[in-house]
Amino acid sequence: MITVFGSINLDLVTRVVQLPRPGETVYGSDIAQFPGGKGANQALAACRAGTDVRLVGAVGSDDFAALALSELRDAGVDLSAVEVRGDTTGVAVITVNEAGENTIILSPGANLRGDARQISFDAFGVGDTLMLQMEVAERETFAAAGAAKAAGAQVILSLAPFVPLAREAFSDISILLVNETEAADLVGHYGIAGSGHDSIARALAESLDLIVVVTLGAEGAVASDGTKETRVETLPVEPIDTTGAGDTFAGVLAAGLDAGDDLKTAMRHAAAAGALACTKSGAQPSFPTGAEIRHALSVA
Ligand code: RIB
């Protein structure tokens, strides 16, 4: 079983020709609303990949909450530990350019009222997974990590958005997921030497004593446990909107590991799913099912 403790947002998305520079005003398309939030996205991606998933988090008492939870509800994610806390649901204001790249401004709202005590740690054991990101209160995130590890579960952390954490913060984390930028920021923060994705992944894994997975966009992903690297490629796609691709990778990776796949197989499926998630607008509507991932890999 996978439990995700994390953010639940409504994404307000406009497409632009070019992302605005500071001080610049640009025209955007009509606003589209999509359910999002890194926690909710990871939960949905893992569920669509075929795993039982419970999401723990908080929404506001406003009208945005129902829409933010709609895809999760339809997919069958267990939402019994999602609570209404305060007035405002988290909102992400997203611009997407013609290359599918984005900028995201996050107004966290109720996400910062989420509490690790909402999680039933009694139900955790060996073989269970807790997934975390950095869009809810940091103190609660690491309280959850400690309790889950003590109960024997594996803890997967996506360091997104990037936070320059002390090394000790990772003591209860089993697998750290970062994209290229986050990996470079972390290496810079610790003053670790290393150039090239493999050597950065290895240096971080050695330094933090965990498995590090670095997602590399169109180049796939690389993982290191500090002694050896595992590399996978991804599917070639024409990106329309990359929003949520990293969350898709995370959810599908966790689903694969939960199902007993080895790391390389789980990464291969995760990278393919991340690519497929770039081929449609919006985060959650673009996430593939397990059957769609297997089909895309079989015809690649
Ligand atoms: O990772 C993508 C997500 O980041 C979006 O869905 C948005 O809600 C922000 O949390």
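Note: the structure precedes this text.
Residues numbered from 1 in each chain as written. Predicted model: local features only at pLDDT ≥ 70, side-chain atom pairs only at ≥ 80, totals over all residues. Heavy atoms only, no water.

Draft legend 1. Examining the sheet that holds strand 7 (residues 102-107) more closely. Read from one edge of the open sheet, four strands run 3-2-6-7, paired in mixed fashion. Of all the strands in the sheet, just strand 3 (32-36) and strand 7 have a single pairing partner and so form its edges. Averaged over neighbouring strand pairs, the angle between their axes works out to 25° when direction is ignored. Sheet analysis places strand 6 (residues 90-96) next to strand 7, joined by six bridges and oriented antiparallel. Opposite alanine 92, over in strand 7, you have leucine 106 as the bridge partner. Running over the sheet, helix 2 (residues 64-75) touches strand 2 (9-15), strand 3 and strand 6 and is turned about 65° from strand 3. (Pairing = 2+ DSSP bridges. Helix = DSSP H or I, 4+ residues; strand = E, 2+ residues; numbered from the N terminus. Axes fitted to C-alpha atoms, helices over the stretch in contact; angles between N-to-C directions. Contact = heavy atoms within 4.5 Å.)

Draft legend 2. Structural context of the site of the ligand. As a matter of local geometry, the ligand sits amid Asn9, Asp11, Gly36, Gly37, Lys38, Asn41, Ala92, Ile104, Glu135, Gly244, Asp247 and Ala283. In the model, an oxygen atom of the ligand is placed 2.6 Å from a nitrogen or oxygen of the aspartate 11 side chain. Between lysine 38 and the ligand, the recorded distance is 2.9 Å, taken from a side-chain N or O atom to an oxygen atom. Coverage of the ligand by the protein amounts to 96% of the 280 Å² it exposes when considered alone. (Near = heavy atom within 4 Å. Polar contact = N/O pair within 3.5 Å; in protein donor to acceptor, adjacent residues only side chain to side chain. Areas by Shrake-Rupley, 256 points an atom, 1.4 Å probe, with all protein chains shown as cover.)

Draft legend 3. Here's a closer look at the nonpolar core. Core analysis: the largest hydrophobic core is formed by 49 residues, its most contacted members being Leu55 and Leu72. Among the elements that make up this core, the one with the highest residue count is helix 7 (residues 263-276) (eight residues). Residues within four places of leucine 72 in sequence aside, it is in contact with Ala40, Ala43, Leu44, Leu55, Val77, Leu79 and Gln284. Counting residues in hydrophobic clusters, the runner-up holds 40 residues, among them Phe142, Leu186, Ala205 and Val212. (Core = buried A, V, L, I, M, F, W, Y, C linked by side-chain atoms within 4.5 Å. Buried < 20%, exposed > 50% of the residue type's maximum accessible area, 1.4 Å probe, protein only.)

Draft legend 4. View of helix 5 (residues 197-208). In this model helix 5 runs 16 Å from its N-terminal to its C-terminal C-alpha over 12 residues, within 8% of the 16 Å that 1.5 Å per residue would give. In the segment just after helix 5, aspartate 209 is the residue with positive phi, at about 60°. (Expected span 1.5 Å × (residues − 1).)

Draft legend 5. Region of the structure containing the sheet that holds strand 4 (residues 53-59). Pairing within the open sheet is mixed, and its nine strands lie in the order 5-4-1-8-9-10-11-12-13. Of all the strands in the sheet, just strand 5 (78-84) and strand 13 (229-232) have a single pairing partner and so form its edges. Strand-to-strand, the axes of this sheet are offset by a mean angle of 15°, without reference to chain direction. Summarising the sheet, strand 9 (residues 154-158) and strand 10 (residues 175-179) pair through three bridges and their orientation is parallel. Paired with isoleucine 156 across the two strands is isoleucine 175, which belongs to strand 10.

Draft legend 6. View of the packing of aromatic side chains. In the structure shown here, the tally under the stated rule is one aromatic pair. Over the face of the ring belonging to tyrosine 190 we find arginine 167, whose NZ or CZ atom lies 4.5 Å from the ring centre. (Phe/Tyr/Trp six-rings, centres within 6.5 Å; stacked < 30°, edge-to-face > 60°. Lys NZ or Arg CZ within 6 Å of the ring centre and 35° of its normal.)

Draft legend 7. Spotlight on the packing of helix 1 (residues 38-48) against helix 2. Running from amino to carboxyl end, helix 1 crosses helix 2 at an angle of 20°, the nearest separation of the two axes being 10 Å. Taken together, the axes of helix 1 and helix 2 are roughly parallel relative to one another. Here the hand of the crossing between helix 1 and helix 2 comes out left-handed. Of helix 2, the residues touching helix 1 (which contributes Ala40, Ala43, Leu44, Cys47 and Arg48) are Glu71, Leu72 and Ala75. Residue composition of the contact of helix 1 with helix 2, by class: six nonpolar, no polar and two charged. (Parallel < 35°, antiparallel > 145°, perpendicular 65-115°, else oblique. Left-handed = near helix turned anticlockwise from the far one by under 90°. Nonpolar A, V, L, I, M, F, W, Y, C, P; charged D, E, K, R; others polar.)

Draft legend 8. Spotlight on the environment of valine 59. By secondary structure assignment, the location of valine 59 is in strand 4. Taking the relative accessible area as the measure of exposure, valine 59 reaches 3% and is therefore buried. Placed 49 residues apart in sequence, valine 59 and leucine 10 show a C-alpha to C-alpha distance of 9.9 Å. Contacts of valine 59, omitting those with residues within four sequence positions, involve Ile8, Ala65, Leu69, Val82, Glu83, Val84, Arg85, Gly86, Thr89 and Ala110.

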